[in-house]
Amino acid sequence: MRAHDQGGLDGHWDRKLKAGEIAPDFTLDLHGHNLDSAHARLMDGMAQARAMGARVVLLIAGRARPVDPADRQHRRGAIRAKLLDWLAASEHGDAIAAVRKAHIRHGGAGAIYLVLRRGR
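Residues numbered from 1 in each chain as written. Predicted model: local features only at pLDDT ≥ 70, side-chain atom pairs only at ≥ 80, totals over all residues. Heavy atoms only, no water.

A. Inspection of the packing of helix 2 (residues 35–51) against helix 3 (residues 78–89) at higher detail. In the contact formed by helix 2 and helix 3, the axes pass within 11 Å of each other and the chain directions differ by 45 degrees. Taken together, the axis directions place helix 2 and helix 3 in an arrangement best described as oblique. Where helix 2 crosses over helix 3, the handedness of that crossing is right-handed. Side by side, helix 2 and helix 3 meet where L35, A38, H39, L42, M43 and M46 of the first sit next to A78, I79, K82, L83, W86 and L87 of the second. (Axes fitted to C-alpha atoms, helices over the stretch in contact; angles between N-to-C directions. Helix = DSSP H or I, 4+ residues; strand = E, 2+ residues; numbered from the N terminus. Parallel < 35°, antiparallel > 145°, perpendicular 65-115°, else oblique. Left-handed = near helix turned anticlockwise from the far one by under 90°. Contact = heavy atoms within 4.5 Å.)

B. Local environment of the environment of Q48. By the secondary structure assignment, Q48 is in helix 2. With relative accessibility at 42%, the residue Q48 sits in the partly exposed group. For the pair formed by Q48 and F26, sequence separation is 22 residues and the distance between their alpha carbons is 9.0 Å. Apart from residues no more than four positions distant in its own chain, Q48 is found in contact with F26 and R41. (Buried < 20%, exposed > 50% of the residue type's maximum accessible area, 1.4 Å probe, protein only.)

C. A look at the environment of R118. Mapped onto the elements, R118 comes out in the segment after strand 4 (111–116). Counting along the chain gives 22 residues from R118 to I96, while the straight-line C-alpha distance between them is 9.4 Å.

D. Focus on helix 1 (residues 11–18). Of all the residues in helix 1, the buried ones are W13, D14 and L17. Considered in projection along helix 1, the buried side chains sweep an arc of 95 degrees and stay on one side of the axis. Buried-residue contacts for helix 1 involve strand 2 (56–60), strand 3 (96–101) and strand 4. Following helix 1 by one or two positions, G20 has its phi on the positive side, about 75 degrees. (Arc of directions from axis to C-beta.)

In structure tokens, the structure reads:
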């Protein structure tokens, strides 16, 4: 997975995402999971989203918070802190064109959009 915070989308996509004008094709909610189950749900959900041809995945994981590396799956924000690393190390990393903050109507600071590349 490349660095997605800069580039990856044209200005038209970015404006529409920032304005909340693009409805996600697939929503993946990781609330209530521990690290192990969140990872499994993320991988299964991404496989499902890709299989159905989704372009924009709304990933709800809570707000980002500082996390101690020795955290043992109980501290708030631990899932959010690991999301991008999990995706980068997975088979889904190359399918992601961009990662953007979600609009407030889609979860705001507690969610992100994953914009997937078109299937070839």
